[in-house]
Amino acid sequence: MGLFSTKRDAPPASESPSSAPGRVARLWSDGFGVLATRTVQIIVVLLLAAALIVGMQQLTVVVIPVLLALIIACAFWPLTGWLRARMPSLLATVITLASVLVVLGGLGWIITSSVRNQWSELYDQAQTGISHFLDWVGTLPFSIDQSQIDEWIAQAQDFVTSSQFGSGALAGVSAVANFVTGLVLFVVVLFFFLKDGPRLWEFVIRPFRGEADHRVRRIGDKSAQVFGSYVRGTAAVAAVDAIGILIGLLILQVPLAIPLAVLVFVLAFIPIVGATLAGILAAAVALVANGWVSALLVVGVVVLVNQ
């Protein structure tokens, strides 16, 4: 061909248009391409997880009762299964649900009745404790005169009568309404979990087939066992802690010993923080009622029993 020929040579095979997808594929198949692919996948997973968490936070009135109902249903499922083998399913479900409500209601009744019966005594002891505290303040090396104490009391009174306190009271009313709503939802969902739990699970895993179906069933069984075992084991440990601390509080003659023991049982279901909070409450009551020596002894009892 001549030097000035207008006919162009065909491009090499490696530069043909049909090889463009191959170049793109190589870009994503090398080390950096694999890293980029994994990064995009991680970002997508994080975004989905964040959206799920935000959605659950916006629907806590629904999410928390459903999760609690699921955990309680797993914990009481052995009882439900034992009853189902001896009576109709509906009757077994009603008996199990009634047992759960009796246990929860009994704990609430013990706390309420004990606090109500000993409230006047505790109030008088609290006033005495505050007087002793003010007398102790007067013995400090730095001076805190009565005018400063009166100013602090006036500030507390102003806060109680302020609009900020009123808005807090309205928020408390809203919290009570949410609690009642969640409690009703908890009872309803728990009933259906106990009655139709296996059927609901079969509906959830319908899309899975073969090995995936076997794996999902195994995951569901293990999860239910872990949830139930955790609740039953924690309840056993909490009962031992509550009985031991109750004996210590009765020996030290601390007021509200029974409701404090019940709170120890309930708060034991909160890992780490629950036992600490229960000990602080018990020590605070002992401090107000019997003084700092009794409070230190209560702290020692709580630590000893938990250990």
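What counts as what
- Residue positions are given per chain, counting from 1 as you read along its sequence in written order.
- With the structure being a predicted model, the display of local features is reserved for residues of pLDDT at least 70 and the display and counting of side-chain atom pairs for 80 or more, all residues being used for whole-chain, interface and lining totals.
- Note that water and hydrogens are dropped before the side-chain values are worked out from all heavy atoms of the structure.
- Only DSSP runs of H or I with at least four residues qualify as helices, and only runs of E with at least two residues qualify as strands; both kinds are numbered from the N terminus onward.
- Only heavy atoms matter for contacts: two residues are in contact if any of them lie within 4.5 Å across the pair.
- For every residue, the accessible area obtained with a 1.4 Å probe (protein chains only) is divided by the maximum for its type, and the residue is called buried under 20%, exposed over 50%, and partly exposed between those limits.
- Confidence scores here are pLDDT values: one per residue, from the predictor, ranging 0 to 100.
- A side-chain nitrogen of Lys or Arg and a carboxyl oxygen of Asp or Glu constitute a salt bridge if their distance falls within 4 Å.
- Axis lines are fitted through C-alpha atoms, for helices just across the contact stretch, and the angle between N-to-C directions can take any value from 0 to 180 degrees.
- Every angle not falling under 35 degrees, over 145, or within 65 to 115 is termed oblique; those three ranges are roughly parallel, roughly antiparallel and roughly perpendicular.
- Crossings are sorted by hand: turned counterclockwise from the far helix by less than a right angle, the near helix makes the crossing left-handed, and turned clockwise it makes it right-handed.
- Polarity classes work like this: nonpolar for Ala, Val, Leu, Ile, Met, Phe, Trp, Tyr, Cys and Pro, charged for Asp, Glu, Lys and Arg, and polar for all others, with Gly in that last group.

Peer 1: Is there a simple way to think about the environment of Ile-95 in this case?
Peer 2: Inspection of the secondary structure assignment puts Ile-95 in helix H4 (residues 89–138). Distance in space between the C-alpha atoms of Ile-95 and Thr-80 is 8.4 Å, their sequence separation being 15 residues. The contact partners of Ile-95, leaving out residues within four places of it in the chain, are Leu-83 and Met-87.

Peer 1: Hey, could you run me through the side chain of Thr-93 in this one?
Peer 2: Of note, Thr-93 is situated in helix H4. Apart from the residues lying within four places of it in its own chain, the contact partners of Thr-93 are Arg-84, Phe-191, Leu-194 and Lys-195.

Peer 1: I tried to follow unusual backbone geometry on my own but got confused; where do I start?
Peer 2: Among all residues save glycine, negative phi is the norm, and among peptide bonds the norm is trans. A positive phi angle, close to 55 degrees, is found at Gln-253, a residue other than glycine. Mapped onto the secondary structure, Gln-253 falls in the loop between helix H7 (210–251) and helix H8 (257–267). A residue is classified by how much of its surface remains accessible, and Gln-253, at 65% relative accessible area, is exposed.

Peer 1: What is the right way to look at the confidence of the model for the protein chain in this model?
Peer 2: Residues shown with low pLDDT carry predicted positions that ought not to be read at fine detail. In the predicted model, the protein chain carries a mean pLDDT of 76, and 71% of its residues have values of at least 70. Across the protein chain, element-level confidence peaks in H7 with a mean pLDDT of 87 and bottoms out in helix H1 (residues 20–29) with 61.

Peer 1: Looking at this model, I keep getting lost on the pattern of salt bridges. Mind explaining?
Peer 2: Here the idea is simple: oppositely charged side chains can pair when their charged atoms come close. Under the definition given, this model contains 4 salt bridges. As a salt-bridge pair, Arg-217 and Asp-213 come within 2.9 Å of each other at their nearest N and O atoms. A residue pair is termed a helical-turn pair when its members lie 3 or 4 positions apart in one helix, as Arg-217 and Asp-213 do in helix H7 at 4 residues. Residue Asp-213 is classed as buried on the basis of its relative accessible area of 18%.

Peer 1: Would you explain the environment of Ile-64 in this entry?
Peer 2: Within the secondary structure, Ile-64 sits in helix H3 (residues 60–84). By relative accessible area, Ile-64 is classed as partly exposed at 46%. Sequence separation between Ile-64 and Leu-183 is 119 residues, and the spatial gap between their C-alpha atoms is 10.0 Å.

Peer 1: Just to check I follow, could you spell out the packing of helix H9 (residues 273–290) against helix H10 (residues 292–306) for this structure?
Peer 2: Angle between the axes and distance between the axes are the two parameters that describe a pair of packed helices. Remark: H9 packs on H10, axes separated minimally by 7 Å, with the N-to-C direction vectors making an angle of 155 degrees. Classified by the interaxial angle, the pair formed by H9 and H10 is roughly antiparallel. Both H9 and H10 take part in a crossing whose hand is right-handed. Seen from H9, the contacting residues are Ala-275, Gly-279, Ala-282, Ala-283, Ala-286, Leu-287 and Asn-290; seen from H10, they are Trp-292, Ser-294, Ala-295, Val-298, Val-299, Val-302 and Asn-306. Split into classes, the residues belonging to the contact of H9 with H10 amount to 10 nonpolar, 4 polar and no charged.

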